[in-house]
Amino acid sequence: MLVSAPMSAPVRVRFAPSPTGYLHIGGARAALLNWLWARHTGGKFILRIEDTDQERSTEDAVRAILDGMRWLGLDWDEGPDVGGPFGPYFQMQRLGLYKEYAEKLVKAGKAYACYCSKEDLDAQRELAKAEKRQFIYPGTCRDLAYDPSRRHVIRFRLPKLLELTFTDLVKGAITRPGSTLQDEVIVRADGVPLYNFGAVVDDVTMEINLVARGDDHVNNTAVQVLLYEALGYPVPAFAHLPMILGADKTRLSKRHGATSVTAYRDMGFLPEAVVNYLVRLGWSHGDQEIFTMGELVKHFGFDHVGATASVFNPEKMVWVNQTWVKSLPPAELARRALPYYRAAGLEVEGDPRLPDVAKAYQERAKTLVDLVSQSRCYFAPVEMDPKAQEKFLGSDAAPILQAIRDGIAASAALDAAGLEKLFHDVAAARSLGLGKVAQPVRVALTGGTASPGIYDVILLLGREESLARLDAGLKLAGG
RNA sequence: GGCCCCUUCGUCUAGCGGUUAGGACGUCGGCCUCUCACGCCGAAAACAUGGGUUCAAGUCCCGUAGGGGUCACCA
């Protein structure tokens, strides 16, 4: 008989990564949705490290995952570093617990020792494959006497059943024929539990009442439901989140480019934007595209998580990021850009122009890296683009540069209105369009053809630097 | 191959029996303009397919096709 966890209990959800690599996009989304649900309901978000695969788990990966989550702003109420009442939160530190629960099952006849060798089982699998048969463990050791002195694993004794149905919050009812299930190994020969058992024991003991995870786990769920029952605990609610695919519609992987969240940090994405993009991949709230964390917490629910896998679209993520870059207060944007300036070798710390630079560039920068590279001319010598020079700093530019130079040198105080008058006067005196005046000046001042409004550029550079660069430009123009 | 899940513009999606099938990214055209952006206006672009149920189906049911996932002493 299935027992459902009472949903009136405070929500306890978890993210349980295995530390075999960095925090990837898919894991980040699973973590995010769990976190949002916990915050939405006022429940708890637990972080548990499933490090029972000793071959592949590393401490570096643990660090990378915690890093990624912190960067995204996903704080956990219980877990590594913060502890909690149901710890420890690393599975390898909970071995005694699994042993205890496994022994309970064995004593109750719900699990048994299996002495089959890996080699033997592999051979049986091969044979089945050759005969185009499905291999299901035949229960060879089901009724053997328990002999702890022989090397053995523990297998779950599958109850007789026609089929098993559980309800998924995003996919609805999912039914699995009992004939496709088998006596799964739940504890290895070395006493370390396997995923299906470790996760269930932990979810039970940590009082998790909603399990939201990638839908690559749907096929594990039937056995897990049976394990909850065998252990005598209520079954939690499940929400299986569709995969994130690459452009070729296969599961997102390294082949598809950057897949770690920290790679996006390094590329100059804002965490708000990554969160915003990831949540919209599969979840929606009407037509709204841009959400603050607060709005997400307010509106998020599994009822609007779609059941279909979605393709990761880097262009749209860039757009989301750009939208966020535009919306940050300039001083804040400047503060966020600091590490990226440093990474680019630019010493900008304490430069009072920073917020103004950010303001001038925030609607043209798609990322923080972009912001830095576009604005480096204020913090480093001009790097002249040869094509720009050839096109705009010819001999005909010399008198224009000279006129602007003289105008700036003669002006009492530099301001936008004065500069506008100067440029218009210079243009009018020669019957030129404003562009004919502004472009050579822009190239002389920035080294390129694209920049914010020319008056803003001059104001950012200041009188001395502007004059110096105009002089240098004059030299190049043969003036 | 068995089993499970999925199927609205190229992509992310709205839709929860009656809509000119809406929005967003991207694309294309135009406006704005000192460049680049931003912004604004406009265009092309979708219900995989075949049967049902119903007065009425993108919405419900079944089949087919396609896609994804999973079949370990990995998670």
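For clarity, every value in this text was computed on a predicted model and none was experimentally measured.

Student: What am I meant to see in the overall build of chain A here?
Tutor: The number of helices and strands found in chain A is 19 helices and 11 strands. If you line up chain A on its principal axes, its C-alpha atoms span 105 × 50 × 35 Å. Looking at chain A as a whole, 49% of its 479 residues qualify as buried. Summarising the internal contacts of chain A: among those between residues at least 6 apart in sequence, 75% fall at separations of at least 24. In the structure as shown, chain A presents an accessible area of about 22700 Å², 54% of it carried by carbon and sulfur atoms. Between the averaged position of the 56 positive side-chain charges in chain A and that of its 58 negative side-chain charges there is a distance of 3 Å.

Student: What is the right way to read the protein's contact with RNA strand B from this model?
Tutor: Taken together, 60 residues lie near RNA strand B, and Thr52, Asp53, Glu363, Arg364 and Arg442 sit nearest. Protein-proximal atoms of RNA strand B, defined as those within 4 Å of the protein, fall in sugar or phosphate at a share of 72%. At 3.2 Å, a backbone N or O of Ala189 approaches a base oxygen of RNA strand B. At a separation of 3.0 Å, a sugar or linking oxygen of RNA strand B approaches a polar backbone atom of Arg280. Counting only elements with at least two residues in the surface near RNA strand B, the list comes to helix H4 (118–130), strand E6 (172–177), helix H6 (218–231), strand E11 (310–311), helix H10 (314–327), helix H17 (434–446) and helix H18 (454–461). A breakdown of the residues in the surface near RNA strand B according to their chemical character gives 19 nonpolar, 20 polar and 21 charged.

Student: What is the right way to read the packing of aromatic side chains from this model?
Tutor: Here a ring pair, both rings aromatic, is described through the centre-centre distance and the interplanar angle of the planes. A full pass over the atoms with the stated rule returns 13 aromatic pairs. On the basis of an interplanar angle of 80° and a centroid distance of 5.2 Å, the ring pair of Phe300 and Phe302 is categorised as edge-to-face. Using a relative accessible area of 4% as the deciding quantity, one classes Phe302 as buried. Their ring planes at 75° and their centres at 5.4 Å tell us that Tyr341 and Phe379 sit as a pair that is edge-to-face. A residue pair is termed long-range when its members are at least 10 positions apart, and Tyr341 in helix H11 (residues 330–343) and Phe379 in the loop between helix H13 (368–375) and helix H14 (386–392) qualify at 38 residues. Overall, the relative accessible area of 2% leaves Tyr341 in the buried class. An aromatic cluster is present here, built from Trp37, Trp283, Phe291, Phe300 and Phe302 joined pairwise through their rings.

Student: Explain the side chain of Asp168 to me, please; I cannot follow it from the model alone.
Tutor: The residue Asp168 is located in strand E5 (residues 163–168) in this model. Of the buried charged residues, Asp168 lacks a salt bridge, with Lys171 as the closest side chain of opposite charge at 6.4 Å. Here Val170 takes part through its backbone nitrogen, which lies 2.8 Å from a polar atom of the side chain of Asp168. In terms of polar contacts, Asp168 uses its side chain to reach the backbone amide nitrogen of Lys171, at 2.9 Å. Non-local contacts of Asp168, meaning those with residues more than four positions away in its chain, are made with Ile174, Phe238, Ala239 and His240.

Student: How should the pairing of strand E3 (residues 111–114) be read in this particular structure?
Tutor: It is a general feature of regular strands that their side chains alternate between the two faces of the sheet. The alternating pattern of E3 places Ala111 and Ala113 on one face and Tyr112 and Cys114 on the opposite face, and all of these are buried. Bridge count between E3 and strand E4 (residues 153–156): 4 bridges; the pairing is antiparallel. Within the sheet, the bridge partner assigned to Tyr112 lies in E4 and is Arg155.

Student: Which parts of the structure should I look at to understand helix H12 (residues 354–361)?
Tutor: For an α-helix the count is 3.6 residues per turn, leaving residues at separations of three or four pointing the same way. Among the residues of H12, those classed as buried are Leu354, Val357, Ala358, Ala360 and Tyr361. The buried side chains of H12 occupy one side of the element, clustering within an arc of 165° when seen end-on. At its buried positions, H12 is contacted by H11, H13 and H18.

Reading the values: the criteria
- Residues numbered from 1 in each chain as written.
- Chains lettered and ligands numbered in written order.
- Predicted model: local features only at pLDDT ≥ 70, side-chain atom pairs only at ≥ 80, totals over all residues.
- Heavy atoms only, no water.
- Helix = DSSP H or I, 4+ residues; strand = E, 2+ residues; numbered from the N terminus.
- Buried < 20%, exposed > 50% of the residue type's maximum accessible area, 1.4 Å probe, protein only.
- Contact = heavy atoms within 4.5 Å.
- Areas by Shrake-Rupley, 256 points an atom, 1.4 Å probe, with all protein chains shown as cover.
- Lys, Arg positive; Asp, Glu negative; His and termini not counted.
- Charge placed at Lys NZ, Arg CZ, Asp CG, Glu CD.
- Near = heavy atom within 4 Å.
- Polar contact = N/O pair within 3.5 Å; in protein donor to acceptor, adjacent residues only side chain to side chain.
- Nonpolar A, V, L, I, M, F, W, Y, C, P; charged D, E, K, R; others polar.
- Phe/Tyr/Trp six-rings, centres within 6.5 Å; stacked < 30°, edge-to-face > 60°.
- Salt bridge = Lys/Arg side-chain N within 4 Å of Asp/Glu carboxyl O.
- Pairing = 2+ DSSP bridges.
- Arc of directions from axis to C-beta.

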